[in-house]
Amino acid sequence: MKYTLSILIIFLLISCSTTLKTDSELLAKDKVDLAESLESYKVTTYKFGKIMLRASVATDTISPEYQEFKSDLDKIFKLVMHIGEKSDKKLSVLDYISIYRDYKKMEDYIDETDEDIFPTLTEAFGVIYDDAKLANKPFAKGSEKEYSQNIEHSILSAIVLLSKDLGKEVSLYECSKTKPDLFPDIELKALLQYYRGFLYFEKGFYYLSEDEYSRNITWLNTHPDIELPYVKSLFKMATLDNKQTHIAFRAMNHLFRGFDRLTMDRDIDKKRALEDFEAFLKDSKEVGIDNEMIWAVETYMYLQNNEKEKAIASLIKLKSSKLLSTKDKKSIEESVAYLKNRESGELLNGVYDKFFLGKIASKYMLSVLAEVDWKKIMKENDVPHTDEMFQTIEKFQDFIKNMENYTSEEKLKEVGKEAGNELKSQGKNLWKKANELIE
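I will try to describe carefully the structure that is included in this document. (Residues numbered from 1 in each chain as written. Predicted model: local features only at pLDDT ≥ 70, side-chain atom pairs only at ≥ 80, totals over all residues. Heavy atoms only, no water.)

**Some words on the environment of Tyr-103**
Step number 1: Among the secondary structure elements, Tyr-103 is positioned in helix H5 (residues 93-105).
Step number 2: A residue is classified by how much of its surface remains accessible, and Tyr-103, at 0% relative accessible area, is buried.
Step number 3: For the pair Tyr-103 and Phe-48, spaced 55 residues apart in sequence, the C-alpha separation works out to 8.3 Å.
Step number 4: Ignoring anything within four residues of it in the chain, the contact list for Tyr-103 reads Tyr-41, Thr-44, Thr-45, Phe-48 and Met-403. (Helix = DSSP H or I, 4+ residues; strand = E, 2+ residues; numbered from the N terminus. Buried < 20%, exposed > 50% of the residue type's maximum accessible area, 1.4 Å probe, protein only. Contact = heavy atoms within 4.5 Å.)

This is the structure in structure tokens:
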């Protein structure tokens, strides 16, 4: 009896563990996974830089912990940022080791602190660069502050995406700090949700991405008359009127939601993906769009329906794309040859899978984003201190790269061998600090 009961319990546990979860449960899991993914050295170091900048102009007490570290934050901020200086001064190895030593003391505080408790970046730049427009103006609070820093997080998430030393990891952090629901019903809201969806897709958070695109599709259908000039510019839709731009942008949301669903595990998700691809093709063809994404999705749909000749025709078009590497084009050639010699059966086997499809989609969107002149857009919209913001991002990049380079255990040991003259002149002090960190 006990043996039978044990078997039954094990069977029930296995059954429960393999039960497919609901949409809401899977979305909740993605949110937890996202938070865990942001617990990285690069993100924490970037956040450290932003807290230094925003806290440098704070006048409130904030917290006892902040007061404990304020002098260290101010000291490092002046050392790293050289605000107001035009010199090409570079920090030394000793500088970075000293900074890292102070950083380790406040690492838990940085990790646990929300940067948004401090004044906004715009306010910080205003004080630092003695902006007359902001003179004697109290720092924003409440909904005004939330809106301003929401805009800043949105802008930074886009700017740093293609950065060599910040990239997707930091962009994801900035993206996670944005709150699309705080935006009024304007184009920026739709663009932000689309961008967030793409970034989540790129990092494998498919349910978070799907949620962004679903909300965006609903929003676009609810607001068909809102002007979309930046969408038109971003996706090179100059020949389309506003109604057609809405249709085309909705199509792009269906497209990436389809990619999300195609990568999910449940059968219902695969079915929904095909529905999204059909909606994408229908909307795109209605407004006359014909590009890589059309050919890529057409190929997939034709293969699903065993329409070999049509699939081959779309593959040949796709092969002409400048987005594809030589390796990608060779793969397409092999796929075409395979299909020509295949009479019937499973055409998708080894020919054109969902991963290759997602790869093309990512290359397409990254190529679109790479052509956006964010500095120009910000200046056209009168964003204050745009030049200073870009200069600061460059300094953050150098700071993070050098912190990583000089402060790992391996690098600290290398420093002892390679720092040359600096070590000879400052050797004892440097070795002492380096050994403290290693220990």
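Let's pick the thread back up.
**Overview of a nonpolar patch on the surface**
Step number 1: Judged by side-chain polarity, Tyr-147, Ile-186 and Leu-188 come together as a nonpolar surface patch covering roughly 210 Å² of accessible area.
Step number 2: Within the element layout of this structure, Leu-188 appears in helix H10 (residues 187-202).
Step number 3: Leu-188 gets classed as partly exposed once you look at its relative accessible area, which sits at 33%. (Patch = residues over 30% accessible without salt bridge, like charges linked within 9 Å, V, L, I, M, F, W, Y side chains within 5 Å. Areas by Shrake-Rupley, 256 points an atom, 1.4 Å probe, with all protein chains shown as cover. Salt bridge = Lys/Arg side-chain N within 4 Å of Asp/Glu carboxyl O.)

**Considering the pattern of salt bridges**
Step number 1: Applying the stated criterion across every chain yields a total of 36 salt bridges.
Step number 2: In this structure, Arg-266 and Asp-23 form a salt bridge, with 2.4 Å as the shortest nitrogen-oxygen distance. Here Arg-266, found in the loop between helix H13 (242-263) and helix H14 (267-286), pairs with Asp-23, found in helix H2 (residues 23-37); they are 243 residues apart in sequence, far enough to count as distant.
Step number 3: Judged by its relative accessible area of 34%, Asp-23 falls in the partly exposed class.
Step number 4: Among the salt bridges present, the one from Lys-105 reaches Asp-102, with a minimum N-O distance of 3.5 Å. With Lys-105 and Asp-102 both in helix H5 and three residues apart, this pair spans about one turn of that helix.
Step number 5: By relative accessible area, which is 52% here, Lys-105 ends up exposed.
Step number 6: Taken together, the shared-partner salt bridges connect Lys-50, Arg-54, Asp-114, Glu-115, Asp-116, Glu-174 and Lys-177 into one network.

**Topic: the packing of H13 against H14**
The description of two packed helices rests on the angle between their axes and on the distance between the axes.
Step number 1: Taken N-terminus to C-terminus, the directions of H13 and H14 make an angle of 155 degrees; their axes are 8 Å apart at the nearest point. Between H13 and H14, the crossing angle belongs to the class labelled roughly antiparallel. Classified by chirality, the crossing of H14 by H13 is left-handed. Mapping the contact onto sequence places Ile-247, Arg-250, Ala-251, Met-252, His-254, Leu-255, Arg-257, Gly-258, Phe-259, Arg-261 and Leu-262 in H13 and Asp-269, Lys-270, Arg-272, Ala-273, Asp-276, Phe-277, Ala-279, Phe-280, Asp-283, Ser-284 and Glu-286 in H14. (Axes fitted to C-alpha atoms, helices over the stretch in contact; angles between N-to-C directions. Parallel < 35°, antiparallel > 145°, perpendicular 65-115°, else oblique. Left-handed = near helix turned anticlockwise from the far one by under 90°.)

**Topic: H13**
Residues that lie three or four places apart on an α-helix share one face, since the helix turns once every 3.6 residues.
Step number 1: Look at H13: 32 Å from first C-alpha to last across 22 residues, which is about the 32 Å you get at 1.5 Å a residue.
Step number 2: Of all 22 residues making up H13, 18 are buried, and the element is well covered by its neighbours.
Step number 3: Its side-chain oxygen 3.2 Å from the backbone nitrogen of Lys-243, Asp-241 forms the N-cap of H13. (Expected span 1.5 Å × (residues − 1). Polar contact = N/O pair within 3.5 Å; in protein donor to acceptor, adjacent residues only side chain to side chain.)

**Topic: the packing of aromatic side chains**
Step number 1: For the structure shown, the criterion picks out 24 aromatic pairs.
Step number 2: Each ring, one from Phe-235 and one from Phe-249, has its centre 6.0 Å from the other, and the planes form 40 degrees; the classification is tilted. With Phe-235 in the loop between helix H12 (229-234) and H13 and Phe-249 in helix H13, this pair connects stretches of sequence that are 14 residues apart. In this structure, Phe-235 and Phe-249 share a single accessibility class: buried.
Step number 3: Linked through ring pairs, Tyr-194, Phe-198, Phe-201, Tyr-206, Tyr-213, Phe-235, Phe-249, Phe-256, Phe-259, Phe-277 and Tyr-300 together constitute an aromatic cluster.
Step number 4: For Lys-375, the ring lying beneath its charged end belongs to Phe-390, and the centroid distance is 5.1 Å. (Phe/Tyr/Trp six-rings, centres within 6.5 Å; stacked < 30°, edge-to-face > 60°. Lys NZ or Arg CZ within 6 Å of the ring centre and 35° of its normal.)

**Regarding unusual backbone geometry**
Step number 1: Despite not being glycine, Asn-306 shows a phi value in the positive range, around 60 degrees.
Step number 2: Structurally, the position occupied by Asn-306 is in the loop between helix H15 (292-304) and helix H16 (308-319).
Step number 3: Positioned with a positive phi, His-385 is a non-glycine residue whose angle comes to about 60 degrees.
Step number 4: By relative accessible area, His-385 is classed as buried at 14%.

**Examining helix H17 (residues 326-340)**
Step number 1: In this model, H17 (15 residues) spans 21 Å end to end at C-alpha, consistent with the 21 Å of a helix rising 1.5 Å per residue.
Step number 2: Buried residues of H17: Asp-328, Ile-332, Ser-335, Val-336 and Leu-339, and no others. End-on, the buried residues of H17 take up no more than an arc of 100 degrees, which puts them together on one face. Among the exposed residues of H17, those oriented more than 90 degrees off its buried face are Thr-326, Lys-327, Lys-330 and Lys-340.
Step number 3: Looking at the buried residues of H17, the elements they touch are H15, H16 and helix H18 (354-370). (Arc of directions from axis to C-beta.)

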